[in-house]
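Listed here are the chains, written in short residue letters.
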Amino acid sequence: LKFLIMNLLQKAKNYVSVEIKAFKCRNKLKSKKLFKIVLKSGNLKNIHEGKRIYILGTGPSIKSQNLIPLNKEITIALNEFYLHSDIDKIRPTYYLFTGYANHTDTIKYDVAVNWYRNFEKCIKRNNGISLLTIDDYDFLKNNNLFQDMNMEKYFLNYVVSSKKVNRYKFKKSYLNLFGDNAAINAIGIAMYMGAKEICLLGLDHDWILTFKDKKQNHFYDDSDSLVYKDHSSYFKRITLMDNLLLYIKIFGHYEALEKYARKYNIDIFNLTNGGLLDVFRTKNFEKHLNETQNQEIKS
């Protein structure tokens, strides 16, 4: 009986905390006249129920993998994945951009404008769907970016820690999960979309190996990126401790999502070629892609 009462009290506490969070966020968005804009993301709920979604990161391992066959899959490309040489052949379904508001201390305003402009051109060219942060809504409007009404786009409100995913359970369309990097945001969105299988690519998470050189670790060179080509002078993660603390935070979010996925029979596979991310079950990308695509052809 005591256990039952404690369990009920915990559920009540969890429910109340979500409702309080929802109330505060709703009022904040309404005060900025952004609530209805964020609510549109509710159209994404279970839009790919029971399907497989690939999340495409920007780690260096991408260079060793042929991603063109993914043009037949549902994909979410992260941030500067649009710099990939085969982007017009891969043609990702969705493009998730973490944006300027979250990086004002490391990205200059004019750089962010051109960054978004190049991103927008790529999405228009490939008829992709944009997943943007509501925090950049005014920035985009003021700079005439993503104002084309024909572009399909959604603004997400990243305010709920991925570590609270069990408490949250995707109840509100205007409370989206965040976890200190774009991949965690994307996993939360894929779950919200109803995916039963989530496959990760290019999530090497080995930038700790290059932190002393003040270099990023991507499939592209720093010089190819508007954001990183001049970043060495204001690069913030300059000590080993900074890197280790960030790894702990990010991997903690991954572990929470993995536990949630197993509880609700969602498969998350890491198909990255190498790297340091060991939270999820690993599989060979080419073998897994061939097997799943062949199964779908037969069925």
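Our structure is the block above this text.
These remarks concern the structure in this document. (Residues numbered from 1 in each chain as written. Predicted model: local features only at pLDDT ≥ 70, side-chain atom pairs only at ≥ 80, totals over all residues. Heavy atoms only, no water.)

1. With respect to the overall build of the chain
Rules: Only DSSP runs of H or I with at least four residues qualify as helices, and only runs of E with at least two residues qualify as strands; both kinds are numbered from the N terminus onward. Just to be clear, the radius of gyration here is over C-alpha atoms, and the globule rule we use is 2.2 Å times residues to the power 0.38. Relative accessibility thresholds used throughout: buried, under 20% of the residue-type maximum; exposed, over 50%; partly exposed, between the two (1.4 Å probe, protein chains only). We call two residues contacting when some pair of their heavy atoms lies within 4.5 Å.
For the chain, the helix and strand inventory stands at nine helices and 10 strands. Relative to the compact-globule value of 19 Å for 299 residues, the chain shows a C-alpha radius of gyration of 19 Å, a close match. Principal-axis analysis of the C-alpha atoms places the extent of the chain at approximately 60 × 50 × 45 Å. Every one of the 299 residues in the chain was classed for burial, and the buried ones make up 52%. Considering only residue pairs separated by 6 or more positions, the chain has 66% of its internal contacts joining residues 24 or more positions apart.

2. Description of the sheet that holds strand E9 (residues 267-270)
Going by this rule: Strand pairing is defined by DSSP finding a minimum of two bridges between the two strands. Between the N-to-C directions of two axes lies an angle of 0 to 180 degrees, each axis being a line fitted to C-alpha atoms and, for a helix, fitted only over the stretch in contact.
The parallel open sheet is built from eight strands, whose spatial order is E5-E4-E3-E2-E1-E8-E9-E10. The sheet is open, and its two borders are formed by strand E5 (153-156) and strand E10 (281-282), each paired with just one other strand. The sheet contact formed by strand E1 (residues 52-56) and strand E8 (residues 197-201) spans five bridges and is parallel. Looking across to E8, one finds that Leu56 is bridged to Leu201. Helix-sheet contacts for helix H4 (residues 109-126) involve strand E3 (94-96) and strand E4 (129-133), and the interaxial angle to E4 is about 155 degrees. Helix H7 (residues 182-192) contacts E1, strand E2 (74-78), E3, E4, E5, E8 and E9 of the sheet and is inclined by roughly 155 degrees relative to E2.

3. So, the pairing of E4
Counting buried positions along E4 yields five of five residues, so the element is predominantly enclosed. Going residue by residue along E4, you find Ile129, Leu131 and Thr133 tucked away on one face and Ser130 and Leu132 tucked away on the opposite face as well. Pairing of E3 with E4 involves three bridges; the strand directions are parallel. Note that in E4 the partner of Tyr94 across the bridge is Ile129.

4. Examining the packing of aromatic side chains
Given two aromatic rings, one states the distance between the centres and the angle between the planes to describe the pair. The cut-off we apply is this: Between rings of Phe, Tyr and Trp, where Trp is taken as its six-membered ring, a pair exists when centres lie within 6.5 Å; planes separated by under 30 degrees are stacked, by over 60 edge-to-face, and by other angles tilted.
Evaluated as defined, the whole model comprises 26 aromatic pairs. Centre to centre, the rings of Tyr116 and Phe139 are 5.9 Å apart; their planes meet at 45 degrees, and the pair counts as tilted. Linking Tyr116 in helix H4 with Phe139 in helix H5 (residues 137-142), this pair joins segments that are 23 residues apart in sequence. Just as Tyr116 is buried, Phe139 falls in that class too. Judged by centre distance (5.1 Å) and plane angle (90 degrees), the rings of Phe219 and Tyr220 are edge-to-face.

5. Re the pattern of salt bridges
This is how it is decided: When a carboxyl oxygen of Asp or Glu is within 4 Å of a side-chain nitrogen of Lys or Arg, the pair counts as a salt bridge.
Within this structure, the stated rule accounts for nine salt bridges. Of the charged contacts, one joins Glu73 and Arg52 as a salt bridge, the two residues approaching to 3.1 Å between their closest N and O atoms. Linking Glu73 in the loop between E1 and E2 with Arg52 in strand E1, this pair joins segments that are 21 residues apart in sequence. By relative accessible area, Glu73 is classed as buried at 9%. With relative accessibility at 11%, the residue Arg52 sits in the buried group. Arg281 is the salt-bridge partner of Asp267, the closest N and O atoms lying 3.0 Å from each other. On the criterion of sequence distance, the pair formed by Asp267 in strand E9 and Arg281 in strand E10 is long-range, its members being 14 residues apart. When salt bridges that share partners are traced, they join Arg52, Glu73 and Glu296 into one network.

Coordinates in, geometry out; function isn't part of it.
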